[in-house]
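Descriptive structure summary
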Amino acid sequence: AWAGTRPGGGRTVPDLSWLTAQVVASFDQAPEPRVKQLVTDLVRHLHHYVRVNDVTQAEWQYAIDFLTRAGHITDDKRQEFVLLSDVLGVSSAVDVLTNSRTPDTTASAVLGPFYVEGPPVAEQGADISGGLPGTPLWSDIRVTDVDGAPVPGAVVDVWQSNEDGYYDVQLPDLEGPVLRARFHTDDDGRLVFWSILPSEYPIPDDGPVGRMLAATGRHPWRAPHLHFMISKPGYSQLITQLFVRGGPYLDTSAGRGDTVFGVKDELVVDFVPRQDPAPDGRLIDGEWRL
Ligand code: MBD
Ligand code: FE
């Protein structure tokens, strides 16, 4: 079971402030003030948490086992700490804090677990679909600074899932990377490429995080999105996602939306239906400020 029923509910729990004070005092000599602040406050919150919930030995052992399983490297080389942070909304919370430091730039969004360092370099106009089936998608994006001036030579990494909602790293039969690439913006800060329309998909739910979602009555679905990481020395780095307007799991108000709480209204864009040059194609016409 995810957690047992606690015996002796409703009792008066003992005071722990003397113990909390001892642990807090133990960090007194921490040489780095930021480290001291973070560990001290973490201890305060954890002590508060176990006290107000009158946590039992068995429950705490369960929590430790859960974290151990979450950190365990699986056969497909994943571990689930990022995913845990994502489904608890902590990744999004840190993302909102980060983005608030650069208020005039395009909204950011969480990195997620499927970014791979050093994707294959692609030319302007390239097709990154690797021939996988799907609705053709043409992206035409301009990268500017906060005053609207074009940013040439920016490195733009793109990654997305296929029509069935799998990233290449989840598809063992694929040879080499697909649906991920590194582009460079041209002299006008522009970037154009072909891929396919992304679809909604469940985050990996066969591990401990998936069990937690099931045990709490939550679904594992993410809204359809494309990932981007845009960098150029001298500019703030932008890690963001674009969401398909009209797609499922976008409704942030219902509590039943995107399972990692990654949707921001500003990032929901039209993927315009378009006949030319692809029949039944779609078009993204975007602009980002770094
Ligand atoms: C994803 O594809 C993703 O983008 C995030 C943030 C979490 C899990 C899977
Ligand atoms: Fe993703």
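Since this is a predicted model, take the numbers as computed values, not measurements.

Criteria and thresholds
- Residues numbered from 1 in each chain as written.
- Chains lettered and ligands numbered in written order.
- Predicted model: local features only at pLDDT ≥ 70, side-chain atom pairs only at ≥ 80, totals over all residues.
- Helix = DSSP H or I, 4+ residues; strand = E, 2+ residues; numbered from the N terminus.
- Buried ≥ 20, exposed ≤ 12 C-beta atoms within 10 Å, placed from the backbone.
- Contact = placed C-beta atoms within 7 Å.
- pLDDT = per-residue confidence, 0-100.
- Core = buried A, V, L, I, M, F, W, Y, C linked by C-beta atoms within 7 Å.
- Axes fitted to C-alpha atoms, helices over the stretch in contact; angles between N-to-C directions.
- Parallel < 35°, antiparallel > 145°, perpendicular 65-115°, else oblique.
- Left-handed = near helix turned anticlockwise from the far one by under 90°.
- Nonpolar A, V, L, I, M, F, W, Y, C, P; charged D, E, K, R; others polar.
- Pairing = 2+ DSSP bridges.
- Near = placed C-beta within 6 Å.

The number of helices and strands found in the protein is six helices and eleven strands. When the backbone C-alpha atoms are referred to their principal axes, the protein occupies close to 70 × 40 × 35 Å. In the protein, which comprises 290 residues, the share counted as buried stands at 25%. Long-range contacts, defined as pairs at least 24 residues apart, comprise 73% of the intrachain contacts of the protein with a sequence gap of at least 6.

Another aspect to go through is the confidence of the model for the protein. The predicted model of the protein averages 91 in pLDDT, with 95% of residues at 70 or higher. When pLDDT is averaged over each helix and strand of the protein, the minimum, 87, is found for strand E10 (residues 272-274) and the maximum, 98, for helix H1 (residues 17-26). Two numbers describe this predicted complex: its pTM, 0.88, and its ipTM, 0.98.

Turning next to the nonpolar core. By size, the foremost hydrophobic cluster in this structure holds 42 residues, and its most contacted members are Val 143, Val 156, Val 158, Ile 230 and Phe 243. Of all the secondary structure elements, the ones that give two or more residues to this core are helix H4 (81-87), strand E1 (136-144), strand E2 (155-159), strand E3 (180-184), strand E4 (190-196), strand E7 (225-231) and strand E8 (238-244). The contacts of Phe 243, once residues within four sequence positions are left out, are Ala 223, Pro 224, His 225, Leu 250, Val 263, Leu 267 and Val 268.

Relative to each other, H1 and helix H2 (residues 33-52) sit at 165°, their axes nearing to 9 Å. On the basis of their axis angle, the class for H1 and H2 is roughly antiparallel. Crossing of H1 against H2: the hand is right-handed. Contact with H1, carried on its side by Thr 20, Val 23 and Val 24, involves Thr 40, Val 43, Arg 44 and His 47 of H2 and no other residues of that element. A breakdown of the residues in the contact of H1 with H2 according to their chemical character gives three nonpolar, three polar and one charged.

With respect to the helices, strands and loops of the structure, Asp 147 is situated in the loop between E1 and E2. Sequence separation of Asp 147 and Asp 104 is 43 residues, and the distance between their C-alpha atoms is 9.0 Å.

Before going further, it helps to examine the sheet that holds E7. Spatial strand order, E3-E2-E7-E8-E9: five strands in an open sheet with mixed pairing. Of all the strands in the sheet, just E3 and strand E9 (268-269) have a single pairing partner and so form its edges. Of the strand pairs in this sheet, E7 and E8 are connected by six bridges, and their pairing is antiparallel. Opposite Ile 230, over in E8, you have Leu 238 as the bridge partner.

What follows is about the pairing of E8. With six of its seven residues buried, E8 lies for the most part within the structure. From the end of E7 to the start of E8, which pair antiparallel, there are six residues, and Gly 234 there has a positive phi angle of about 95°.

Moving on, we come to the site of ligand 1. As a matter of local geometry, ligand 1 sits amid Leu 83, Asp 86, Val 110, Gly 112, Pro 113, Phe 114, Ile 203, Arg 222, Val 260 and Gly 262. Each residue belonging to the shell around ligand 1 can be placed in one class, and the counts come to six nonpolar, two polar and two charged.

This part covers the sheet that holds E1. Spatially, four strands are ordered E4-E1-E11-E10 in an open sheet, and the strand pairing comes out mixed. Looking at strand neighbours, the two that pair on one side only are E4 and E10, the edges of this open sheet. If you compare each strand with its neighbour and ignore which way they point, the axes differ by 25° on average. For E1 and E4, the ladder comprises seven bridges, and the chain directions are antiparallel. Residue pairing for E4: Trp 138 is matched across the bridge by Trp 194.

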